[in-house]
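Structural overview
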Protein chains: 2
Amino acid sequence: MGESVTDYGWELSTAVVLFHEAIARRLGLNAAEHKALGLIMRAGPLPTGALAPQLGVGVSAVTGIVDRLEQAGYVRREPDPSDRRRVLVVADPSRAPDLTGIFADLSREMNAFMSRYDERQMATVVDYIENTVRVLRSQTARLTGEGSNGPDRPR
Amino acid sequence: MGESVTDYGWELSTAVVLFHEAIARRLGLNAAEHKALGLIMRAGPLPTGALAPQLGVGVSAVTGIVDRLEQAGYVRREPDPSDRRRVLVVADPSRAPDLTGIFADLSREMNAFMSRYDERQMATVVDYIENTVRVLRSQTARLTGEGSNGPDRPR
DNA sequence: CGCTATACTCCAGAGAAATGAACTATCTCT
DNA sequence: AGAGATAGTTCATTTCTCTGGAGTATAGCG
C-alpha cells in the first residue's frame, strides 16, 4: 500500500525519538541529562547558568544535573578563566569513545545507502532536510509561544 | 561552510525531538503519557497491558498513566467485548480537534515545499526516509538489546 | 574601596511518578 | 465445576528530581 509522504514523515519522527531514547537509556541518562549533554557536545563548553533556560529548569537543578553527568564521567567542570564565578561544563574526552562507538555504526549504515545517491539526489535530500528543519523549528516556536500553555489541568 | 549530510541529519533529529517535546508540553503531557497517546493513536485501541512493555514501565504504572490521559480527556477506557477482564484504551475523538489543529499547520508547511518536488525527487525523498527509518530502527534495536545496559551507575 | 549584582552551590522540603504486593474479576483448561 | 492463569486496579512505599531560599565567592560600577 502506498503510504503518503506524511505517513513516512511520522514514521521517521517516531524512529528518531525512539533512537534518542535508546541512546539515553544506554548512556544511563535521564531526559534532562541527555539533553544537557547534547547541548554541551553541540555548542561546546557552556556555563551552568546557560543550561538552565534551555533545559527548562531552575539553576539550582542544573547543579544536580551536571553533578550526575560529571559523576558518570561524561563532563567535567572547569573554571572560566575570564570570570571566576562561572563554571564551564565541558565534555569529558575520556568518554568520547562511548559516544563515537554509538554513532560509528549509524554513520556507516547511513553512508551505505547515501553513497549511492548522485549529486542531484543528494541535493534533493539536503533540500528536504533543510526545509523540514525550518518547518519543525517554526512549528516548535509556535507551540511554545502562542499564549495559553495548553489545557490547564491541576498537576 | 558546507555542512556535511551527517550534520544535517543531526540537526533534523534535534529538531524532531524538540518538536515532540513542544507537543507534549502543549498537550500538558509528560513523556510517558505522550508516548502512550502516540501509540494509541497510531495502533488503535490497545489493552492496558500492551502498553506497559512499550512504555518501559510496570503494568501498575500504566493504570496511572491512563488515568491521567483519561482525566485530561485524550482517551477513554472501554471494556473489551471479547474479554471482560481487559480494558481497551481508545483515543477520545472529542480531543481530536486539538491534535489535528497542531498538525494542520505542520502539514500545510510541509506540503508548501514538498509540492514543488517532481516525481523523481519525491522518490528520492521517500527512499531517504525509508532507509533512514530502517537504519534508525536497527540501531535502536542494537542499543536496546546488546547485553550490558550501559555503564552501571548507582541510581 | 565599598556596594550591589551575578554565578553557582547547598540544603530542606515538596511533588510526581514508579514499584511490587495484595486483591478482584474473568477466562481457560481439564 | 474447580484450579490456575491472566488483566487490571489499588495502595503503601520508595525513588528521583525540582524548587526556592540561604550562603559563598567574584565581578563591576561609581
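One structure accompanies this document, and this report is about it. Bear in mind the structure is a predicted one, so any value in this text is a computation, not a measurement.

1. Concerning the interface of chain A and chain B
Across the boundary between the two partners, chain A contributes 69 residues, which contact 69 residues of chain B. Between chain A and chain B lies a buried interface of about 6500 Å² when both sides are counted; carbon and sulfur atoms form 63% of it. At the junction of chain A with chain B, the criterion picks out six salt bridges. Glu11(B) is the partner of Arg137(A) in a salt bridge, and the nearest nitrogen-oxygen pair spans 3.1 Å.

2. Some remarks on the sheet that holds strand β3 (residues 87–91) of chain A
All names here are of chain A. Read across the open sheet, the three strands follow the order β1-β3-β2; overall the sheet is antiparallel. Two strands close off the open sheet at either side, each with one partner strand: β1 (46–47) and β2 (75–79). Of the strand pairs in this sheet, β2 and β3 are connected by five bridges, and their pairing is antiparallel. Its bridge partner being in β3, Val 75 is matched across the sheet by Ala 91. Contacting β2 and β3, helix α4 (residues 59–71) runs over the sheet at an angle of about 120 degrees to β2.

3. Focus on helix α1 (residues 5–27) of chain A
What sets the pattern is the α-helix's 3.6 residues per turn: residues three or four places apart point alike. Its 23 residues give α1(A) an end-to-end C-alpha distance of 33 Å, which sits within 8% of 33 Å, the value for a rise of 1.5 Å per residue. Gly28(A) sits one or two residues past α1(A) and shows a positive phi near 75 degrees.

4. Describing the environment of Asp105(A)
Of note, Asp105(A) is situated in helix α5 (residues 96–114). At a separation of 3.3 Å, a polar atom in the side chain of Asp105(A) contacts the side chain of Arg142(B).

5. A look at the relation of the copies chain A and chain B
The two copies are related by a screw motion: chain A maps onto chain B through a turn of 180 degrees and a shift of 0.0 Å along the axis, at an RMSD of 0.1 Å. Taken together, the rotation angle and the small translation identify this as a two-fold axis.

6. Considerations on the nonpolar core
Formed by 82 residues in total, the largest nonpolar core has its most connected members in Leu51(A), Tyr74(A), Tyr128(A), Leu51(B), Tyr74(B) and Tyr128(B). Beyond its immediate sequence surroundings of up to four residues, Tyr128(A) is in contact with Leu12(A), Met110(B), Phe113(B), Met114(B), Tyr117(B), Val125(B), Tyr128(B) and Ile129(B).

7. As for the packing of aromatic side chains
Tallied over the full model, the rule gives six aromatic pairs over all chains. Ring centres of Phe103(A) and Trp10(B) lie 6.0 Å apart, and the angle between their planes is 80 degrees; this geometry places the pair in the edge-to-face category. Note that Phe103(A) is positioned in helix α5 and Trp10(B) in helix α1 (residues 5–27), a pairing that runs across two chains. A ring pair is formed by Tyr128(A) and Phe113(B), whose centres lie 6.4 Å apart and whose planes are at 50 degrees; its orientation type is tilted. Within this pair, whereas Tyr128(A) is found in helix α6 (residues 119–144), its partner Phe113(B) is found in helix α5 (residues 96–114), the two belonging to separate chains. Phe113(B) shares its class with Tyr128(A); the two are buried. Within the aromatic cluster, the residues linked to one another by ring pairs are Phe113(A), Tyr117(A) and Tyr128(B). The ring centre of Tyr74(A) lies 4.5 Å from the NZ or CZ of Arg95(A), which sits over that ring.

8. Examining empty space enclosed by the protein
The full count for this structure, using the stated rule, is one cavity of 30 Å³ or more. For the largest cavity, the full set of lining residues is Trp10(A), His20(B), Ile23(B), Leu27(B), His34(B), Leu37(B), Gly38(B), Met41(B), Leu99(B) and Phe103(B). At the level of elements, α1, α2 (31–43) and α5 of chain B are the ones that each hand at least two residues to the lining of the largest cavity. Broken down by element, the lining of the largest cavity gets its largest block of residues, four residues, from α2(B). Here the residues of the lining of the largest cavity sort into seven nonpolar, three polar and no charged.

9. Let's talk about the packing of helix α2 (residues 31–43) of chain A against helix α3 (residues 48–55) of chain A
To characterise two packed helices, one gives the angle between the axes of the helices and the distance between these axes. Residues and elements named next belong to chain A. Running from N to C, α2 and α3 cross one another at 125 degrees; their axes reach a closest spacing of 11 Å. Overall, the two elements α2 and α3 adopt an arrangement that is oblique. For the element pair α2 and α3, the recorded crossing hand is right-handed. Along the contact surface, α2 presents Ala 32, Lys 35, Ala 36, Leu 39 and Ile 40, while α3 presents Leu 51, Gln 54 and Leu 55. When the residues that make up the contact of α2 with α3 are grouped by side-chain class, the tally is six nonpolar, one polar and one charged.

10. Remarks on the sheet that holds strand β3 (residues 87–91) of chain B
Residue and element names in this part refer to chain B. Reading across the sheet, the three strands line up as β1-β3-β2 and stay open at both edges, with antiparallel pairing between neighbours. The open sheet has two edge strands, β1 (46–47) and β2 (75–79), and neither has a second partner. For β1 and β3, the ladder comprises two bridges, and the chain directions are antiparallel. Bridge pairing in β3 links Leu 46 to Val 89.

Reading the values: rules and limits
Residues numbered from 1 in each chain as written. Chains lettered and ligands numbered in written order. Predicted model: local features only at pLDDT ≥ 70, side-chain atom pairs only at ≥ 80, totals over all residues. Heavy atoms only, no water. Contact = heavy atoms within 4.5 Å. Buried area = accessible area lost by both parts, 1.4 Å probe. Salt bridge = Lys/Arg side-chain N within 4 Å of Asp/Glu carboxyl O. Pairing = 2+ DSSP bridges. Helix = DSSP H or I, 4+ residues; strand = E, 2+ residues; numbered from the N terminus. Axes fitted to C-alpha atoms, helices over the stretch in contact; angles between N-to-C directions. Expected span 1.5 Å × (residues − 1). Polar contact = N/O pair within 3.5 Å; in protein donor to acceptor, adjacent residues only side chain to side chain. Least-squares fit on C-alpha atoms with pLDDT ≥ 70 in both. Core = buried A, V, L, I, M, F, W, Y, C linked by side-chain atoms within 4.5 Å. Buried < 20%, exposed > 50% of the residue type's maximum accessible area, 1.4 Å probe, protein only. Phe/Tyr/Trp six-rings, centres within 6.5 Å; stacked < 30°, edge-to-face > 60°. Lys NZ or Arg CZ within 6 Å of the ring centre and 35° of its normal. 1 Å grid on protein atoms, 1.4 Å probe; cavity = no way out; pocket = protein on both sides within 12 Å on 5 of 7 lines; lining within 4 Å. Points joined across faces, edges and corners; volume = space filled by probe spheres on them. Nonpolar A, V, L, I, M, F, W, Y, C, P; charged D, E, K, R; others polar. Parallel < 35°, antiparallel > 145°, perpendicular 65-115°, else oblique. Left-handed = near helix turned anticlockwise from the far one by under 90°.

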